[in-house]
Amino acid sequence: MRRPASLIGGLALLLYPCLSLAQDDAEYAKRIREYTTDPRFLSDLVDHLPSSESVPSPLDHFGEIIGAPNILHSTTEIYGYLRALADASARVEYRAVGRTEEGREMVQVIIADEATIAELERYRGYLNRLADPRALPKEEATQIIAAAKPVYYITAGLHSPETGPPEMVMELAYRLAVEESPLVQAVRENVITIIVPVAEPDGRDRMVDVYRYRKAHDDVGPPLLYWGKYVAHDNNRDGFGLALALTRNILRDYLHWKPTVMHDLHESGYYLYVSTGTGPYNEQLDALTIDEWHNLAHEEVTELTKRGMPGVWTHAFYTGWAANYLMWIANTRNSIGRFYETLGNGGADTKERKLRASVTSREWYRPNPPLEKALWSLRNNTNYMQSGVLVALKYVADNRADFVENFYLRGLRALERGRSEAPYAWVIPRQGRRPLATEELAALLLEQGIEVHVAEEDLSWSMTSDPASSGANAAAAGAAAKQAVARQTAPRGSYVVRLDQPYRTLVRVLLDVQSFPEDARPPYDDTGWTLPYLRQVAAHRVDDPAVLSAKMRRVSAPLGVAGRLEGRRRGFYLVDNTTDDNFAVLRFRLSDVTMLAAEASFDADGRRYNAGSFIIPAEGNPGDLS
Ligand SMILES: [Zn+2]
């Protein structure tokens, strides 16, 4: 439910007065108004910027304000400004987050009041302790919740053609550091704001290059084919596979901080869409996660609508089912993940934008639609994004203990459900057909922050139901067979993924079978991804709680499999085709070795070899083989 603080939102214009008018930078405010194409596209939250004797504003640093026409900044320029900000302000810390495929740095700024910045490790420690309620007595949890500060983690620039967010967050960072309005003071004292200004630095620099080239050549120039080195729009679909450096960097940083809220800034909406989605929502989420999405979204929609800004709405647009987006790193780990879609022009030009009737119609979820036609500028976009984020930050500041407590409660509930509700574990035998894929799956689960154990005794459990088992086709014939098999076993040494762990939601998201409702509207994105199926690895869902009592030990790395050569000085060597990916790697690594591929399965030395197995003759091949 919404809190009393937001129920008096009707007075917000009075509650959020800017007390620092005397110190405002008149030139900055003048340009904000000049670059905003319609007064309705501006709010009192961002129509000014304080000046500071010691801290450089974007205008001081760049000679122009944020959101000015025709100006985009590269990562070097953005990082240069944020470093200057951190150098000048004790309220801002600048840190590296990791590197991209092309070697560019990902960075973040951390903003809070001086006392909080001086004790960041203490506050980080609080959130990390709350993340695992097993090691935390209830009384201590209560004390920590009272003392902790939520981390609000903003990512910008994930989608490179959506150019506005990396610009906006520079002004936001400055404002959070220097403004003395009650709103910003409340945020600075109660929330630790972390901003990753460019989540896809390779793509940002390419985009800025292309934009500048086209500006200089009558708008003739190449489009962006890829944004990052290997990927375009789907850099926001990497949350399961972790193929990209940017995803791994953000995930590692999530696991370091345990942010309370993650907020990803995008530009495919009109004028500000705040995520909640239409549903069906992902079936594994704690209901409290969804409640917090709605609380935050309603606060932003109400506050900006009240200020007369057209086109601020929620629901619709996306489903909320697929869990592989960057900000779902938070949703699947007991935090809150959310996003904005604002209106970008794909650069920094000011253009007339005519919108389709389907996005300007008045609907139940959009009682305040955008205009059919408007001159649109990067500054308008900056105003919407920044106003929304300030409202969200204030809401989290006002309800800081609730957000922190709910994060803790979701972890606690995950543990309780893991002990009292099926499924209780997944068991992944290591003697399957694809031994390397099995190890890679275990490695991925560990990298995701999931706890993985290894059974130290043979396992046996009753099979009440086992829909995810063995990649078996659970069709009619299988169902009858299952009735007959009362117990399932797996040998000692099998991996066990217990569900009585804080990231139970994530385990189920990755390993369970998705049941997207058949009668639902077509989804925004993927509906199914069960990782054991995708990787053809046997994984048994165990609905028998006895499995939790088996002897097992926790591992921090996959056990691995070692290949072995049986016998030497043979006429032929056989390599069984397990269909593991590395089977193909072997062929390319040994490109000088003559190999034959079996066209059918066969038996040799009492073993079965699959079709496609390699037959390597000793004769004519180099080295040890002969
Ligand atoms: Zn986007």
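Reference entry: report on the structure contained in this document.

### So, the coordination of the zinc ion
- Of the protein atoms, only H159 (ND1), E162 (OE), E162 (OE) and H266 (ND1) coordinate the zinc ion, at distances of 2.1 to 2.3 Å.
- In this structure, the zinc ion is surrounded by four donor atoms whose angles at the metal cover 57 to 151 degrees, and the resulting shape is irregular.
- Mapped onto the polypeptide sequence, the residues donating to the zinc ion form the spacing pattern H-x2-E-x103-H. Highlighted residues: E162 in the loop between strand 3 (151–155) and helix 9 (164–178) and H266 in strand 5 (residues 261–266), separated in sequence by 104 residues. Taken as a pair, E162 and H266 share a single burial class, namely buried.

### Thoughts on helix 18 (residues 435–447)
- For helix 18, with 13 residues, the first-to-last C-alpha span of 19 Å sits near the 18 Å given by 1.5 Å per residue.
- Taken together, the buried positions of helix 18 are A437, T438, E439, L441, A442, L444, L445 and L446.
- Elements in contact with the buried residues of helix 18: strand 11 (425–428), strand 12 (452–455), strand 15 (495–498), helix 20 (504–511), helix 21 (531–534) and strand 17 (552–555).
- Phi turns positive one or two residues past the end of helix 18, at G449, with a value near 95 degrees.

### Here we look at the side chain of T155
- Counting through the fold element by element, T155 comes out in strand 3.
- Once you skip the residues sitting within four places of it in the chain, T155 turns out to touch V196, I250, H263, D264, L265 and L326.

### Points about the sheet that holds strand 17
- Across the sheet, five strands lie side by side as 16-11-15-12-17; this open sheet has antiparallel pairing. Where the open sheet ends on each side, the last strands, each with one partner, are strand 16 (540–542) and strand 17. Averaged over all neighbouring strand pairs, the angle between strand axes comes to 30 degrees, with direction disregarded.
- The sheet contact formed by strand 11 and strand 16 spans three bridges and is antiparallel. The residue bridging A425 from the neighbouring strand is V542, located in strand 16.
- Running at roughly 30 degrees to strand 15, helix 18 makes contact with strand 11, strand 12, strand 15 and strand 17 of the sheet.
- Relative to the sheet, helix 20 contacts strand 11, strand 15 and strand 16, its axis offset from that of strand 11 by approximately 50 degrees.

Cut-off values and rules
Residues numbered from 1 in each chain as written. Predicted model: local features only at pLDDT ≥ 70, side-chain atom pairs only at ≥ 80, totals over all residues. Heavy atoms only, no water. Donors = N, O, S within 2.8 Å, 3.2 Å for Na, K, Ca; no water. Tetrahedral: all angles 85-135°; square planar, octahedral: opposite > 155°, others 65-115°. Helix = DSSP H or I, 4+ residues; strand = E, 2+ residues; numbered from the N terminus. Buried < 20%, exposed > 50% of the residue type's maximum accessible area, 1.4 Å probe, protein only. Expected span 1.5 Å × (residues − 1). Contact = heavy atoms within 4.5 Å. Pairing = 2+ DSSP bridges. Axes fitted to C-alpha atoms, helices over the stretch in contact; angles between N-to-C directions.

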